[in-house]
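# Descriptive structure summary
Here is how the chains run, residue by residue.
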Amino acid sequence: MAKTNNAAQAKGQKNLFSFFSKKPSAASSKPSAPSANKSSIAPAVSSVKSAHGKTNNDTTQPPPAAPAAVSRPSNKSDNSTAQPTPAQLKQLQKITIGTKLAVYWPDDEEYYPCVVTRHRIQAAEGNPGHMYEINYDDGEIETVDLSKEKFRILGGIKRSNHGGNNDDDGNNTKNVNEGNKMNVHPNKRRRILEDTDEEEEMEFESEEEDDDDDSGSEFKMNEDESMDDSLDVEEGGDDTDNWLASEDEEEDEDDFEEKKPKTLKKKKTVLKVTEVGGGTNDRGRFVSPTPRKVTGNDAKKSSANDMSTMDFSNFASQSPAQKNDAMHKKPPIINSNSNSNSNNDKSSSPPPQTNSNSTTTTKNAPPKPIAGVVNSAGSHLHNHLKFFTTHRKDGHGHPTTHPNYSPRSLQVALSEIERESGAKVSPAQKQWWDIKSQYADCVLLFKTGKFYEMFHDDADVGVKVLGFVYMKGTLAHAGFPEAAYDKMLTKLVDAGYRVARVEQTETPDALKERKKKAPTGKKPQVVCREVCGIVAKGTRTYCFLEDASVLEKGNGGGNGRGPLLTIKEIMLEDSGGEMMECEEDETGTKAVCEYGVTIVDAVTGAVTMGQFADDVLRSRMQTLLASFGPSEVLYEGGLNGASKTLISLLKSSCPPNTIFNSLQPVEKFPKSFAVELKDRQTLDRVKSDVHPWDSDEALKELHRKGYYPRSSRKNEPSSGAEGISRWPEILRSCIQGGATLALQSFGAALFYLQTSLIDVEILSMGIVKPYCPPNNVGSGDDKSVASNHLEDMYSKEAHQIDGRSLVETDKPVDFGPSLVPASLDSSIYEAEASIDHMALDGRTLTNLEILNNITSGGYQGSLLSKIDVTQSPHGSRLLRAWLLRPLFRKADIDRRADVVEELAGGAVAVAMAEARPLLKKIGDIERLLSRVHSMGGEGGNGDSHPNDRAVLYEMDKYTKRKVGDFSKLLNGLRAAAEIPELFANAEIQSPMLEKIVRTTDENGCFPAEMKERLDWFFDNFDLKKAARGEFEPSRGMDDDYDAACNEIEDIQRELQNYKDEMCSSVLQPRNTARSSWKYINLKEDSKDKYLIELPISVQVPDDFYVKAKRGKGANQVNKYRTPVVEQLVQDLERAIDVKNERKAAGMQLVFAKFDSMRSVWMAATHASAMLDALGSLAQIASQPGFCRPQIMDCPPSAKPGIEVIQGRHPCVDVTHSGGDFIPNDLVLGGRFESDGSGDESSVLLLSGPNMGGKSTLLRQTCLITILAQVGSFVPAESCSLTPVDRIFTRLGASDRILCGQSTFFVELAETAAAVRGATRRSLVIMDELGRGTSTFDGTAIASATVQHLVERNQCLTLFATHYHSLLEDWKNEPSIRLGHMECVVEDDDDSEKKSITFLYTLGDGPCPKSFGVNVARLAGLPDDVLERAKRVSVAFEAEMNGESTNHKIIPSEAEDIVSKIEKLFSTGADLNHGELKQIWEGLQ
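Residues numbered from 1 in each chain as written. Predicted model: local features only at pLDDT ≥ 70, side-chain atom pairs only at ≥ 80, totals over all residues. Heavy atoms only, no water.

### Details of the overall build of the protein
Along the backbone of the protein there are 45 helices and 38 strands. Intrachain contacts of the protein at a sequence separation of at least 6 include 73% that bridge at least 24 residues. When the accessible area of the protein is evaluated, it comes to approximately 65,000 Å², of which 49% is carbon and sulfur surface. (Helix = DSSP H or I, 4+ residues; strand = E, 2+ residues; numbered from the N terminus. Contact = heavy atoms within 4.5 Å. Areas by Shrake-Rupley, 256 points an atom, 1.4 Å probe, with all protein chains shown as cover.)

So this is what it looks like as structure tokens:
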């Protein structure tokens, strides 16, 4: 690794608060080295030592990049258990290092020549050792299992080898090493006579180790000392608010020392420490420096040198500005860009600004900041910058009022900053503004030393959200140490901010080298800083910098960490996005729009894609939002972007605190600030102007970045569908199937992930899934071919999730055409046969509180919370997926219910009880696998990712987190590997359960070789040592590390042989030479290694030259160096460098090796998740009062039905009054057992008093049905039902004001969905339809709806109503049954009040009254209001029943009378006066 990137060697690293520590120590202060990355390691040949033992690497140049690894399709199926035949083994035995092969690539139908360069032995993990690294003629490298490939041997086969030091692969290590020696130019050292004997410690302690190190002691603060590399700052310049005025603190002083500290005199400096806190909140307190007082003769010196010296007090709180400072030349405006949240204001908008040159201040202008004091919010410098407040423009020059304005970028006017502050913008200030212009909507955590600093508007956020207080000065400024990063980040992200972490990616020593190599002219003046990551709600991966314990404390309902959702919308007709401008067809609502969606789960690295048409109500989009609960949503901005309807729907349907962002059609891609050109080219887009929603541009970027392996070596595809045969199947299907909208949404997600610097980490996982919400009747004909294909892929994926793929799925029962009655359309029967799951739309999920409760939107109280007793997070996620897609086919339901029943009782239940603690130990394997993938080097851009260059000071803590995650994963998988043993002796009846708990060698799911593979990691990875940073790779883990160790041993052996040869034949006297020859400086970090120590009395040849000496006279001992030893030492040091580099990367190599077996671990994950979810249902089944439902077939000639005896609501244990829940019986539809009643009514018209339990009965019926089809037991004494294909709900009263929908409109929209979409196999519940309009209209709509459900839909329906006339109208209909919730009404003789007792039981027949006045009394209405309401109610009831003496003509009677009168007068002279008199008398 280039030493410039090693934070442990960062000399001169000072930070804002480094001077305010009481007793600084090198051990506690020095930064740790960044994580090693195998791609960032320099070749050994470049690590040549100088005369002083320093590495002569070009510290500013990156190491040569290794040839890109080739990835291509395998010639055989991926079967880890298949063994090669004897003939194949014979061929493989001929292969050695240097063998020339020709490997066949199926897609190209050609053989490509290559040479074997490495043989990786992996026998310890079950592989017989056929992994070879091959180098093609064009320099590309591939690691491949040749036992699974088609190849030809061209030459260089293995032969007997008699000599040399052969390694395991048979290659002669010694010869290879000697060859390397010949290729390396020998290091020409200066032959100087100086004593560097490390055995005499303090002999030359005053001599500096590094001639280039002239900065002095560790904490030198001599303010009078001049700086060689000070910034070019004008004398007499204003030193007010010169935050980050100079980076000399990072460039020119040695803050930390790697070696033993030398005894140097230091000038004592007295520091004054002030504590700044956020009120009484200790968490917001951090040390803040106090301004240095300047008196006497020091005043002039301070005035001239404050910006060029190391006085950090100016950084925190500044002295007053000089009034007569000259204005500096106006610099050009910076035009750059950033990426952020357009709907997330990090601070309140400042008041209108005034002209900074005006001598008067308007009423609304913010107060001017005062130097030397703590200014209040709104009175700092940035509040007076017009380009930052009232005249804000994005990178394209668009003002905030422009439709294409993007808040991600900002045009910065440095001249305005200088004019307002009265001081020149320093290089460090300009660096901050450059970054801010690219990430204008992010909170910048700007790293300075060991602290993250917050400036300007970001400091406002720190004060507002984090509880900080401002530091003194005219600039808003706050900060916190690196150790508090995780805590502060969590607060900021939870508050809705996007946080950009800006790290130092260059050490002061590296900056010095860069200055030396810079061309004549302006040289770099500040260390390089780069944005190393942007964290928001939807992009938080919980890397090693963050504590992921919050995820482990989560539950099945999630912990508020929803995914990122990107949506692309197009309109299919000229509806303008308006809800009412749509046409209808014969089948229902016509599709008016189509969506492409991409869902990114940053925690697990899973990407989900979908494309579907939707109706005018956006029903399918509502389902998606309810199912995934996104925490961050991206939609298209601009004039032709997302419709107002969609935006309103998002804001009304997404979970609380969801962040909404718009991406414009053209966005500025933030440029990289890396020093090296190759790093910038890797991180930057080809063009700065990016079209996020352009699918073609997204495909080009996928090819350029190489997230997924290519399949052909013939061509280098740059776009389109070429070379994608090894890409994830779903993504490949979208490209080939023309799912343009899905790809456009994927492109927007790609842009967002790239700007957040987590694109490689997530996409390289290769997990892409399909999604398709339940279909609507009206949109079926408008589906594209791509939508149909995605729906098919989604169905296949569901088979895997449901476990139906574990056993051979029975075909649906074929009742034959003879059983299909003539009244039933054959197409309906065919449609039923194709259904494999129950559809639950967004309204149903919300109304039934499947995932979240309606009251608070939280997890507790939902159906999922009641049945989720899983032990692992991935088991909980699987159970949640089951609940969203209940099964439909009887065979599938019974198969899962058989497993649940078997796990709930008997011998298998005992094994399951023992397995639960193991399942709890497993942890969140999916998340941990994603973390290990990232830590293994696959989650970044190699050494191009800024994180690999960041100077971090808490690496010990980060290393512990990395090792901790890996330890959890290893122990969790070991626990999973023990599960099959628990069920080994159990007699299992269910074929599905047998498949789940057995190993693959027994035709099961758990990988058979998993234990052996895990043992290798436990044997070769000492978790305790690794957590302490003492990990060392074991032999066989890394070929380069092994080769370096072998070379070191060989050189040491040659040095010993050289000693023996010289003592036996050259040196005189031999005995004295043999006894006194001694090699010194043998440690790996020693200078002048292997000096030969001999007494002066020993005669030596001429090529022995004295390097140093000690003693005098006859006791003098000389320290010699010879050309032979010098050459060997050079080779030794080079080998040691390689060894140390590979050792530093050793942990990463272990993670990478583990990640290469991810398919094995994922198989164990899925098997354990299945067992955990089924075990959760079994635990529910073992509770008292639960029974297994009987699932009945429903042939075309039979009527669907449901029969529940003593059923209870799964989520309600007690009534609102505190009593036990009262169960109810319900029989609806076809009868399964003949009881002589012959009642097969499919509709229940339910009446009863308010608060009598009608809604509860409706909900519990649906929830029991869902549980039954999930495979669970249900809360009832007995239950029988035919499977339901869909549940429609019309419950409650609520509006959608953001969507422009009234309460009554929402009622009718939900009713329309049921009327249009319900089939005979559906279940519909409606509660008080028509309440939002007049009684007459409401009754009419309710009656017409009932008629449609009975005559056309013929579905199972529970219809609760207070319209008693509706009950009268349908009381004689055989398909309708009347029922009511029973109650007891008691008259009070002393008053007119009546008390009512709710029985909460279902009775037959209608309820005569609704007793609404009684509910009003319970609600606390005044008595006079209640009495008046009762009188009006009695009079109105008498009038409706024709008992009132004050008869009123109702509208229908009036129309009849008018019609009769008009008819009489239309006859002219033949007027019938008698009939007219009769009409008149009747009106009287």
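Next comes the rest of the description.
### Some remarks on the pairing of strand β29 (residues 1201–1207)
Both β29 and strand β30 (residues 1224–1229) contribute to a ladder of 5 bridges, which runs antiparallel. Counterpart to Gly1201 in the pairing with β30 is Gly1229. Strand direction decides the pairing type here: β29 and strand β33 (residues 1278–1281), joined by 4 bridges, are antiparallel. When the bridges of β33 are listed, Ile1202 appears paired with Leu1281. (Pairing = 2+ DSSP bridges.)

### Re the pattern of salt bridges
The tally for this structure, following the rule as stated, stands at 54 salt bridges. For Arg949, the salt bridge is made with Glu530, and the minimal N-O distance between the two is 2.7 Å. Here Glu530 lies in strand β14 (residues 529–535) and Arg949 lies in the loop between α27 (925–938) and α28 (955–977), a separation of 419 residues in the sequence. Both residues of the pair, Arg949 and Glu530, count as buried. The residue Arg1188 makes a salt bridge to Asp894 at a minimum N-O spacing of 4.0 Å. Taken together, the positions of Arg1188 in the loop between β27 (1186–1187) and β28 (1190–1191) and Asp894 in helix α25 (residues 890–904) put the pair 294 residues apart, joining distant regions of the chain. Classification of Arg1188 by relative accessible area gives partly exposed; the value is 25%. On the basis of relative accessibility, which here comes to 17%, the residue Asp894 falls in the buried class. (Salt bridge = Lys/Arg side-chain N within 4 Å of Asp/Glu carboxyl O. Buried < 20%, exposed > 50% of the residue type's maximum accessible area, 1.4 Å probe, protein only.)

### Section: helix α24 (residues 873–884)
The end-to-end C-alpha separation of α24 is 17 Å, in line with the 16 Å expected for 12 residues at 1.5 Å each. Those residues of α24 lying buried are His874, Gly875, Ser876, Leu878, Leu879, Trp882, Leu883 and Leu884. (Expected span 1.5 Å × (residues − 1).)

### Thoughts on the sheet that holds strand β11 (residues 451–455)
Pairing is mixed across the open sheet formed by 5 strands, whose spatial order is β12-β11-β10-β13-β14. Where the open sheet ends on each side, the last strands, each with one partner, are β12 (477–481) and β14. With strand direction ignored, the average angle separating the axes of adjacent strands in the sheet is 30°. Pairing of strand β10 (residues 442–448) with β11 involves 3 bridges; the strand directions are antiparallel. Considered in β11, the bridge of Phe446 is made with Glu453. Those strands touched by helix α8 (residues 427–438) are β10, β11, β13 (498–504) and β14, and its axis lies near 150° from that of β10. Along the sheet, helix α10 (residues 485–494) makes contact with β10, β11, β12, β13 and β14, crossing β13 at roughly 150°. (Axes fitted to C-alpha atoms, helices over the stretch in contact; angles between N-to-C directions.)

### Description of the pairing of strand β22 (residues 767–770)
Look at any regular strand and the pattern is simple: side chains alternate between the two faces of the sheet. Burial of the side chains of β22 is restricted to one face: Val768 and Pro770 are buried, whereas none of Ile767 and Lys769 on the reverse face is. Pairing of strand β17 (residues 606–614) with β22 involves 4 bridges; the strand directions are parallel. The residue bridging Ala606 from the neighbouring strand is Ile767, located in β22.

### Remarks on the confidence of the model for the protein
Here the protein shows a mean pLDDT of 75. Residues at 70 or above account for 71%. Across residues 1–71 the pLDDT falls below 50, and counting only partners more than four positions away or on other chains, this stretch makes 218 contacts in the model. In the predicted structure, residues 160–243 sits below a pLDDT of 50 and forms 191 contacts with residues beyond four places in sequence or in another chain. (pLDDT = per-residue confidence, 0-100.)

### Remarks on the side chain of Ser406
Among the secondary structure elements, Ser406 is positioned in the loop between β8 (334–336) and β9 (410–412). The exposure class assigned to Ser406 is buried, which follows from its relative accessible area of 3%. When neighbours within four sequence positions are excluded, Ser406 is seen to be in contact with Asp394, Gln664 and Glu667.

### Side note on the sheet that holds strand β24 (residues 1091–1095)
One open sheet holds the 4 strands; their spatial order is β23-β24-β26-β25, and the pairing between them is antiparallel. Single-partner strands in this sheet number two, and they are β23 (1078–1080) and β25 (1105–1110). Direction aside, neighbouring strands of the sheet carry axes that sit 35° apart on average. As judged from the 4 bridges shared by β24 and strand β26 (residues 1117–1121), these two strands associate in the antiparallel manner. For Glu1093, the partnering residue across the bridge sits in β26 and is Lys1119. Sitting on the sheet, helix α35 (residues 1123–1144) is in contact with β23, β24, β25 and β26, with an inclination near 65° to β26.

### Concerning the nonpolar core
Residues Leu903, Phe966, Phe983, Phe1021, Phe1154, Trp1161 and Ile1266 are the most contacted members of the largest nonpolar core, which totals 114 residues. Ranked by residue count, the leading element in this core is helix α37 (residues 1158–1181), at 13 residues. Discounting chain neighbours no more than four positions away, the residues touching Ile1266 are Met838, Leu840, Leu848, Ile850, Leu863, Leu883, Pro886 and Ile1287. Listed in part, the 39 residues of the second largest apolar core include Ala536, Tyr707, Ile730 and Phe746. (Core = buried A, V, L, I, M, F, W, Y, C linked by side-chain atoms within 4.5 Å.)

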